[in-house]
Amino acid sequence: MFKTTLLTALALAIAICGGASSVWYALNLQDGVGAVSVGSWNAFPDIGTPAADPYTKARVARDGVLVLGRAEGVTFIAEHDADGEPLRRECNYSVEGTVPPSRFWTLYAADETMTVIEGRENRAPALHSLEMLRQPDNSVAIAIARHPAPGNWLAVAGSGKMFFVLTLYDTTSASSTGIADVELPRIQKADCNA
């Protein structure tokens, strides 16, 4: 009898721990259930809608974030550069290319908790579409680095992993048919500081 109780308790412990671990893992993936990938960028187009999958709803409830509805916009998050390497604050990056048509867009660097990484004093922690210097073909080139760079520069500080968050507001790209077909800027690592 004691053996049966012990085996039952062990099986329940394994099931509960294994289930909780798999849910934690699924909720922390940036390219998990319900995600759409476009190059280095991932988005959850159904977030904030009744069609959202249970993992997306759980992620929103856990983080307590205010999400955009499909008609309001879409947020893309990148955790890797174009070569598949994780984004690091010690490295300098270039984000180049066209941004899909939208009324307004923002770009910022975030840490693992999706908190904005503050750069230097007297520098805005995010860039937006109204202040961009554009190329002749209307594309953008943004340097993301610790040290000043000419043109569009997003300052970061500290060390460790980071994410880039690009939010498009009032865009047709948020529709279910258009999100996988958009073209987003390419993230290239320039160099790393020791």
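Read on for an overview of the structure. (Residues numbered from 1 in each chain as written. Predicted model: local features only at pLDDT ≥ 70, side-chain atom pairs only at ≥ 80, totals over all residues. Heavy atoms only, no water.)

1. As for the overall build of the protein chain
- The helix and strand inventory of the protein chain stands at two helices and 10 strands.
- When the helices and strands of the protein chain are read in sequence order from the N terminus, they spell out α-β-β-α-β-β-β-β-β-β-β-β.
- With 194 residues in all, the protein chain has 39% of them scored as buried.
- Of all intrachain contacts in the protein chain linking residues separated by at least 6 positions in sequence, the fraction that spans at least 24 positions is 71%.
- For the protein chain, the computed accessible surface area is about 10,900 Å², with 59% contributed by carbon and sulfur atoms. (Helix = DSSP H or I, 4+ residues; strand = E, 2+ residues; numbered from the N terminus. Buried < 20%, exposed > 50% of the residue type's maximum accessible area, 1.4 Å probe, protein only. Contact = heavy atoms within 4.5 Å. Areas by Shrake-Rupley, 256 points an atom, 1.4 Å probe, with all protein chains shown as cover.)

2. Brief notes about the pattern of salt bridges
- This model, assessed by the stated rule, comprises three salt bridges.
- The salt bridge involving Arg88 is made with Glu90; its shortest N-O contact spans 3.4 Å.
- The class for Arg88 is partly exposed, based on a relative accessible area of 35%.
- Residue Arg103 is joined to Asp170 by a salt bridge in which the shortest nitrogen-to-oxygen separation is 2.6 Å. With Arg103 in strand S5 (residues 102-110) and Asp170 in strand S9 (residues 163-171), the pair connects residues that are 67 residues apart, well separated along the chain.
- Judged by relative accessible area, Asp170 falls into the partly exposed class, the value being 38%. (Salt bridge = Lys/Arg side-chain N within 4 Å of Asp/Glu carboxyl O.)

3. Quick notes on the nonpolar core
- By size, the foremost hydrophobic cluster in this structure holds 29 residues, and its most contacted members are Trp41, Phe76, Trp105, Ile142, Ile144, Met162 and Phe164.
- Mapped onto this core, the elements with two or more residues apiece are strand S2 (41-43), strand S3 (73-78), strand S4 (91-97), S5, strand S7 (140-145) and S9.
- In contact with Met162, other than residues within four places in its own chain, are Ala78, Glu79, Leu87, Arg88, Arg89, Tyr93, Ala109, Ala110, Ile117, Ile144 and Val156. (Core = buried A, V, L, I, M, F, W, Y, C linked by side-chain atoms within 4.5 Å.)

4. Some details on the sheet that holds S4
- Here four strands make up an open sheet; going across it, the order is S8-S7-S4-S10 and the pairing mixed. Since the sheet does not close on itself, it has two edges, and those belong to strand S8 (152-155) and strand S10 (186-192), each with one partner. When strand polarity is set aside, the average angle formed by the axes of neighbouring strands in this sheet is 20°.
- Note that S7 and S8 share four bridges and pair parallel. Within S8, the residue paired with Ile142 across the bridge is Asn152. (Pairing = 2+ DSSP bridges. Axes fitted to C-alpha atoms, helices over the stretch in contact; angles between N-to-C directions.)

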